[in-house]
Amino acid sequence: MKRFFKTLFWLVFLGAAGVGVYYYFFYKPPQLAALSAIPEDAILIVETSEPVGSFRRVQETAIWRHLLTHPWFAETNRELNALDSLIQANRQLADLLDGRPIAMSLHLTGPADYDMLYLADLKSGSSVSVLEDILHPLLATFTDNVTSQTYHDVRILKVYDAGQRSTLHIAILGNLLTLSYSPKLMYAAIDQQRTPYFERLPGMTRLREKTARGGILTCYIHHSRVPLFLALFAPQQQGLITDVSALLDFTGMYLEVKDDQIHLNGYTYIHDSLPGYFVDILHSGNGRLAAPAVVPNRVALYTSLQFADYLSFYERMTARFSGNPEATEYLKMLESLEKWFRIDLKRDFVSWIGGEIALVHTVGPEGKPEPCVVIHTRSIDEARAGMQRMEKQIRRRSPVKFKTRNYKKYEINYLHIKGFFKLFLGKLLSGFEYPYYTYVDDCVVFALSEAALEQWIDDYEQRNTLERNPLFRQMRDRLDSKGNVFIYAEMKHLFPLMRQWLDADSWQLWVENEPWFRSFPSLGLWLGGAGQYFESKIVLSFDPWEDRAPADLREQQVSFTADTAFTVLYPSGTPQEKVVYRAGKLHGSYRSYYPNGNTREMGAYREGQRVGKWYFYNRKGKLQEEKQYEETAAVLARNPAADTSRIH
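Reading guide: rules and limits
- Residues numbered from 1 in each chain as written.
- Predicted model: local features only at pLDDT ≥ 70, side-chain atom pairs only at ≥ 80, totals over all residues.
- Heavy atoms only, no water.
- Helix = DSSP H or I, 4+ residues; strand = E, 2+ residues; numbered from the N terminus.
- Buried < 20%, exposed > 50% of the residue type's maximum accessible area, 1.4 Å probe, protein only.
- Contact = heavy atoms within 4.5 Å.
- Areas by Shrake-Rupley, 256 points an atom, 1.4 Å probe, with all protein chains shown as cover.
- Phe/Tyr/Trp six-rings, centres within 6.5 Å; stacked < 30°, edge-to-face > 60°.
- Lys NZ or Arg CZ within 6 Å of the ring centre and 35° of its normal.
- Salt bridge = Lys/Arg side-chain N within 4 Å of Asp/Glu carboxyl O.
- Expected span 1.5 Å × (residues − 1).
- Polar contact = N/O pair within 3.5 Å; in protein donor to acceptor, adjacent residues only side chain to side chain.
- pLDDT = per-residue confidence, 0-100.
- Pairing = 2+ DSSP bridges.

Peer 1: How do you make sense of the overall build of the protein chain when you look at a structure like this?
Peer 2: Scanning the protein chain from terminus to terminus reveals 22 helices and 29 strands. The 648 residues of the protein chain split such that 51% are buried. For the protein chain, the share of sequence-separated contacts (at least 6 apart) that also reach a separation of at least 24 residues comes to 62%. When the accessible surface of the protein chain is split by element, carbon and sulfur atoms take 52% of a total near 30500 Å².

Structure below.
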């Protein structure tokens, strides 16, 4: 990302050249909008018509001031302030750039790589031939590493940065100043501007009209391109991401930043021509949140589907299956199941489902994710009666294991039919092969273990529920309790669970930036049906988080008469150091770790001084250096504190 801000500096210099041309030449090339040259494989597009004014508005917020404690944001702020000063010092340059659209797009450029394309609409006064004549000498004043090439009659200047070992490619397409560090993206932009893609899409045109309310910037998500990109960071979740993305078309949202929240508002269009859950949900009416009254407060991730009438949704879904060979087989399987067990699934299961089905990830006793499903009912008595009818028939007609036991005043049931629950909502709940379930208030709760349900019951009886969580209530009020999709994430619980879903490198970055992630304690996403599209909202709450991990023991005034072992932890809970103290000084074996768990240093201390042989490793766990300190290993061998088995 640092390269992006250097790119902005080049943009300023090139714009300055355009000002001179404006006052001496009258040729006006055909006008191209900023989106016209963005290749059709864009994953994310961001545009703003007032880049300078937008940045000033962000700088005034408490969120930005807090982010400046991060080294990357601090450097970014310095570069942007320098850019702002340069623009204000040149009035003609400010006039040229003021109100000029700038667009950025994100693309995959290889199996495991991605890059950005930047476009600035310089509008009138940008004579291509003259600008090309002065670009080379202008750039040459800053570096000697400027070359050029021609692609489809378009001249591309290439500026090599030896320090970054990267090459910035610059071209002018009509009135568009186009820049990228990827030659592949530059060639694609040149090809695309001849036959613009995004400008001609009806969905994108509608989104741009609806999101033209202002805000700091506007972003567009091209959902069909999202799965491959997210698979770079969370490959385990690619299946679900692919299924959901296939049903969505584009999301467009405008960004607003306040002192205590980041807010995005906009719309999501779906593929009306493609059958899918979101089409059925959209046309089933908005429902209300009900499950938070029974969901435990220790929620990491809460994903809710809401319906004005679930039966209507179910009927639309089954009607859609007609003519689909795969779906026809599914319906035949359901019919066979009903005949064999002599049950009526619509009467005994579907009919009592109320306005919400939620997939909930809580933090289990050992800190592991504990997924559960909550179904809000029209009537808990109807739900119990329907489930009991199915239980009775299943017991009669098959040797399937079915057991019930009591916990406090609640029944915990176990139905051993593989994939039974998956029959009703497909891949969204594919992990629930052998569900345990119980009845809590007006909801049926399904889980993977009895212990999980017992904990739910305890939390409910102790009134430790999500409904009573101030963070959740605040998020619900900022969004809307009535809609079709509601997602809530609470960072203090979500943070450790991310290790289960991210690859090693992404998890390492996650841990290293924990204080800044934790400064956004909750996140909410809401979709509500509005005709042929979903109204969409995203909110991130902000509350500065201070590192509450144990301080480095070497900086504390500790004094112990006996050897005492300590483990110092990172904020994530993973070990940072394992040390032994005697009389307030490091004395004994020592080991430190990177946030990813690999050893950083290993050796021993004697009365606060390093002694014997020490080993130093890189982040990947490879030994980089061995160093012998003055004291001998024989001295340490007599030191009982050197026994690493005492460190815990």
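Peer 1: Is there a simple way to explain the environment of phenylalanine 495 in this structure?
Peer 2: Inspection of the secondary structure puts phenylalanine 495 in helix α19 (residues 491-497). A residue is classified by how much of its surface remains accessible, and phenylalanine 495, at 0% relative accessible area, is buried. In this structure, the C-alpha to C-alpha distance between phenylalanine 495 and phenylalanine 517, residues 22 residues apart in sequence, is 8.4 Å.

Peer 1: Help me understand the packing of aromatic side chains, please; the structure alone is not making it clear to me.
Peer 2: One pair of aromatic rings is described through two measures. These are the centre distance and the angle between the planes. Applying the stated criterion across every chain yields a total of 25 aromatic pairs. Seen in terms of ring centroids, phenylalanine 472 and phenylalanine 486 are 6.0 Å apart; in terms of plane orientation they differ by 65 degrees. Their pairing is edge-to-face. Separated by 14 residues along the polypeptide, phenylalanine 472 in helix α18 (residues 470-478) and phenylalanine 486 in strand β20 (residues 485-490) bring together distant segments of the chain. On the basis of relative accessible area, phenylalanine 472 is assigned to the buried category, the value being 0%. Taking the ring centre of tyrosine 439 as reference, the NZ or CZ of arginine 384 above it sits at 4.4 Å. Over the aromatic face of tryptophan 614 sits the side chain of arginine 610, whose NZ or CZ is 4.1 Å from the ring centroid.

Peer 1: Help me out: how do you make sense of the side chain of glutamine 393 in this one?
Peer 2: Within the secondary structure layout, glutamine 393 lies in helix α15 (residues 380-397). Excluding anything up to four places from it in sequence, glutamine 393 contacts Phe341, Arg342 and Ile343.

Peer 1: Where do I start with the environment of asparagine 413 in this structure?
Peer 2: Along the chain, asparagine 413 turns up in strand β16 (residues 410-415). With a relative accessible area of 1%, asparagine 413 lands in the buried category. For the pair asparagine 413 and proline 435, spaced 22 residues apart in sequence, the C-alpha separation works out to 8.4 Å. Setting aside residues up to four positions removed in sequence, asparagine 413 forms contacts with Glu391, Phe402, Lys403, Thr404, Pro435, Tyr436, Tyr437 and Tyr439.

Peer 1: Even after reading the chapter, I still don't get the pattern of salt bridges, so can you show me in this structure?
Peer 2: A side chain of one charge can pair with a side chain of the opposite charge when the charged atoms of the two come close. Evaluated as defined, the whole model comprises 17 salt bridges. Taking the shortest distance from any N to any O, the salt bridge between aspartate 260 and arginine 478 comes out at 2.9 Å. Of this pair, aspartate 260 sits in the loop between β9 (248-257) and β10 (261-270) while arginine 478 sits in helix α18, and the two are 218 residues apart along the sequence. Glutamate 601 is paired through a salt bridge with arginine 610; the nearest N and O atoms lie 3.2 Å apart.

Peer 1: Just checking my understanding: could you explain unusual backbone geometry for this structure?
Peer 2: Both trends apply: most residues other than glycine have a negative phi, and most peptide bonds are in trans. Its identity as a non-glycine residue notwithstanding, histidine 152 has a phi of 50 degrees, on the positive side. The topology assignment puts histidine 152 in the loop between β4 (146-151) and β5 (154-161). In this model, aspartate 441 sits at a positive phi of 55 degrees, which is unusual for a non-glycine residue. Structurally, aspartate 441 can be placed in the loop between β17 (436-440) and β18 (443-447).

Peer 1: What's the story with helix α17 (residues 450-461) in this structure? I'm lost.
Peer 2: Residues that lie three or four places apart on an α-helix share one face, since the helix turns once every 3.6 residues. Between its first and last C-alpha atoms α17 spans 17 Å; for 12 residues at 1.5 Å apiece the expected length is 16 Å, and the two agree. The set of residues buried in α17 consists of Ala452, Leu453, Trp456, Ile457, Asp458 and Asp459. Packing partners of the buried residues in α17 comprise β13 (353-363), β14 (369-377), β15 (402-407), β16, β17 and β18. The backbone nitrogen of alanine 452 lies 3.1 Å from a side-chain oxygen of the residue at the head of α17, namely serine 449. Arginine 463, located one to two residues past α17, shows a positive phi value of around 60 degrees.

Peer 1: When you look at the confidence of the model for the protein chain in this model, what are you seeing that I'm missing?
Peer 2: Parts of the prediction with low pLDDT should not have their coordinates interpreted in detail. Across the protein chain, the average pLDDT comes to 76, with 71% of residues at or above 70. The spread of mean pLDDT over the elements of the protein chain runs between helix α22 (residues 633-637), the lowest at 37, and helix α7 (residues 183-192), the highest at 94. Predicted confidence for residues 125-131 stays below pLDDT 50, and this span has 17 contacts to residues more than four positions away or in other chains. Low pLDDT, under 50, characterises residues 547-562; the stretch is placed with 31 contacts to residues that sit more than four places away or in other chains.

Peer 1: Whenever I open this one, the pairing of strand β3 (residues 113-121) confuses me. Can you help?
Peer 2: The two faces of the sheet receive side chains in turn, since in a regular strand these alternate between them. Burial analysis of β3 places 7 of its 9 residues in the buried class, which makes it a mostly covered element. Across 8 bridges, the pairing between strand β2 (residues 102-110) and β3 is antiparallel. Each bridged residue has a counterpart across the sheet, and for glycine 110 the counterpart in β3 is aspartate 113. Two successive antiparallel strands, β2 and β3, enclose a turn made up of 2 residues. As defined by bridge partners, β3 adjoins strand β7 (residues 176-180) across 5 bridges and the pair is classed as antiparallel. Residue pairing in the sheet places leucine 119 in a bridge with threonine 178 of β7.

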